[in-house]
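Listed here are the chains, written in short residue letters.
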Amino acid sequence: MDLSYILNHLGENRESYMQAVSPPIFQTSNFTFKDVETMRASIADELNTPFYTRGCNPTVAILRKKIAALESAEDSLIFGSGVAAGSAAIISQLKAGDHIVSVSKPYSWTKKLFSLFLDRFNIETTYIDGTNSANYKNAIKPNTKLFFMESPNSMTFEMQDIEEVCKIAKANGICTIIDNSYASPLNQKPIEMGCDLVFHSATKYLAGHSDVVCGVLAGSNEKIKEIFASEYMTLGGIISPNDAWLLMRGLRTLELRMNHISKSVFEVTDFLKSHELTEKLYFPFDPDFAQYELAKKQLAKPTGLFSIAIKADNRGEIDDFCNALNYFLLACSWGGHESLVFPVCALDSSANYKNNEMPWNLIRFNIGLEDPKLLIEDIKQAYSKVFMKSVTHI
Ligand SMILES: *Cc1c(COP(=O)(O)O)cnc(C)c1O
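Residues numbered from 1 in each chain as written. Predicted model: local features only at pLDDT ≥ 70, side-chain atom pairs only at ≥ 80, totals over all residues. Heavy atoms only, no water.

## Some words on the overall build of the chain
And step 1. Across its full length, the chain carries 14 helices and 12 strands.
And step 2. The C-alpha radius of gyration of the chain comes to 22 Å, within 12% of the 21 Å expected for a compact globule of 394 residues.
And step 3. Principal axes of the C-alpha set define a box for the chain whose edges measure 75 × 55 × 40 Å.
And step 4. In the chain, buried positions account for 55% of the 394 residues.
And step 5. Across the chain, the fraction of contacts at a sequence separation of at least 24, relative to all contacts at a separation of at least 6, is 72%.
And step 6. Of the roughly 17100 Å² that the chain leaves accessible, carbon and sulfur atoms contribute 54%.
And step 7. If the 38 positive side-chain charges of the chain are averaged to one point and the 46 negative ones to another, these points end up 2 Å apart. (Helix = DSSP H or I, 4+ residues; strand = E, 2+ residues; numbered from the N terminus. Rg over C-alpha atoms; globule rule 2.2 N^0.38 Å. Buried < 20%, exposed > 50% of the residue type's maximum accessible area, 1.4 Å probe, protein only. Contact = heavy atoms within 4.5 Å. Areas by Shrake-Rupley, 256 points an atom, 1.4 Å probe, with all protein chains shown as cover. Lys, Arg positive; Asp, Glu negative; His and termini not counted. Charge placed at Lys NZ, Arg CZ, Asp CG, Glu CD.)

## Some words on the site of the ligand
And step 1. Within the structure, the ligand sits among 13 residues, and Gly82, Asp179, Ser201, Thr203 and Lys204 are positioned closest to it.
And step 2. A distance of 2.9 Å separates an oxygen atom of the ligand from a polar backbone atom of Gly82.
And step 3. In isolation the ligand exposes 380 Å². Once the protein is present, 90% of that is buried.
And step 4. Here the ligand occupies the largest pocket.
And step 5. When its residues are assigned to classes, the shell around the ligand shows 5 nonpolar, 5 polar and 3 charged. (Near = heavy atom within 4 Å. Polar contact = N/O pair within 3.5 Å; in protein donor to acceptor, adjacent residues only side chain to side chain. 1 Å grid on protein atoms, 1.4 Å probe; cavity = no way out; pocket = protein on both sides within 12 Å on 5 of 7 lines; lining within 4 Å. Sits in = over half its atoms within 2 Å of the grid points. Nonpolar A, V, L, I, M, F, W, Y, C, P; charged D, E, K, R; others polar.)

## Considerations on helix α14 (residues 372-387)
And step 1. Taking 1.5 Å per residue, 16 residues should reach 22 Å; α14 reaches 22 Å between its end C-alpha atoms and fits that length.
And step 2. Where α14 is buried, its residues meet α11 (254-273), β8 (278-282), β9 (305-310), α13 (315-324) and β12 (362-366).
And step 3. Its side-chain oxygen 2.9 Å from the backbone nitrogen of Lys373, Asp371 forms the N-cap of α14. (Expected span 1.5 Å × (residues − 1).)

## Thoughts on empty space enclosed by the protein
And step 1. A complete count under the given rule lists 2 cavities of 30 Å³ or more for this structure.
And step 2. If you trace the largest cavity, you find it lined by Leu47, Gly55, Cys56, Asn57, Val60, Ala61, Arg64, Leu77, Ile78, Phe228 and Tyr232.
And step 3. Mapped by element, the contributors of at least two residues to the lining of the largest cavity are α3 (58-70), β1 (75-79) and α9 (221-235).
And step 4. Of all the elements, α3 adds the most residues to the lining of the largest cavity, at 3 residues.
And step 5. In terms of residue class, the lining of the largest cavity is built from 8 nonpolar, 2 polar and 1 charged.
And step 6. What lines the second largest cavity is Thr53, Gly55, Asn57, Val60, Tyr232, Ile238 and Ile239. (Points joined across faces, edges and corners; volume = space filled by probe spheres on them.)

## Considering the confidence of the model for the chain
And step 1. For the chain, the average pLDDT comes to 96, and 98% of its residues sit at 70 or higher.
And step 2. Across the chain, element-level confidence peaks in strand β7 (residues 215-219) with a mean pLDDT of 99 and bottoms out in α14 with 95. (pLDDT = per-residue confidence, 0-100.)

So, in structure tokens, the structure goes:
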């Protein structure tokens, strides 16, 4: 389906709301019926008929069509956060005594769902290095029900060969779920590669303006119907109609934003890569990246996330560098209009901060919509301020 049609028109039945171009925000918890027969029909198909907003809300329903089309899926559900979308998907596939095989470094709260929450219900998780698909196969036990992927992850960008992992899963009757937040649906379509369920933190690229927390989940009609009737309705992690409208407005410019970012990210990474103070660049589209070939095979374009390990002697220098930036804001999250830095050393206040899971000198960058020249100038001035070296590049 044509991308511009999806973003600008799909699901928008304008005759039903007085030809308004922008869909109304159906700010209502409840829907009333003219007679019992129509009420009965609505209850019988609560996924698709407005009855009560925890189930179906007309503003949210437009998004379900757009997200499903973007992910080449049959249907989708919209949630109040990426974590709500991911948790509903994961929990839907499991019962006590089951086993999960997951990439070793999923998003931190996904890992907590596995290790703190599901562990309490006697569900065990084996963490593997997902850069080698055989590790998934080797970790299978008789009770394995789920392969979890996040490709690439959002700090060091390790990837899984999605097609290969899904093939192993299918041959063994195992469900596959992927966190596709890094790529956005424009740059990676896991369902076309055989994946069962795909979710996003829509807070990031889909909404794109750092003004709403939301999540989306896409899959087959059958799976979405099941999840709706169970985790979606019982856990109730829904999006508000107002936030759904904000997400829809964000989607209008998704293609423009992603195209812009995919170009400017190269300008900034090219500058940083050749810089004397860069120890290592972590960026899937860098030819020296360990999985560069897989990136080119699996991802249409890069997005605005990458990291560098910087040649600093101590945490103080990294603090000073980040503090000296003017346009890169110091914040977590990513995918909004604004450029950001997130230093790993902010995660650990102890004296032995160098013994972290991740390189202590790693700084994660998010490239927003600013002119990349402005961003490069900002990095130059912060470097020279902190490291007192003349920056001669570019
Ligand atoms: C932010 C993020 C999430 C969680 O999404 P929320 O919208 O904050 O709940 C999940 N996965 C990845 C990769 C993320 O970056």
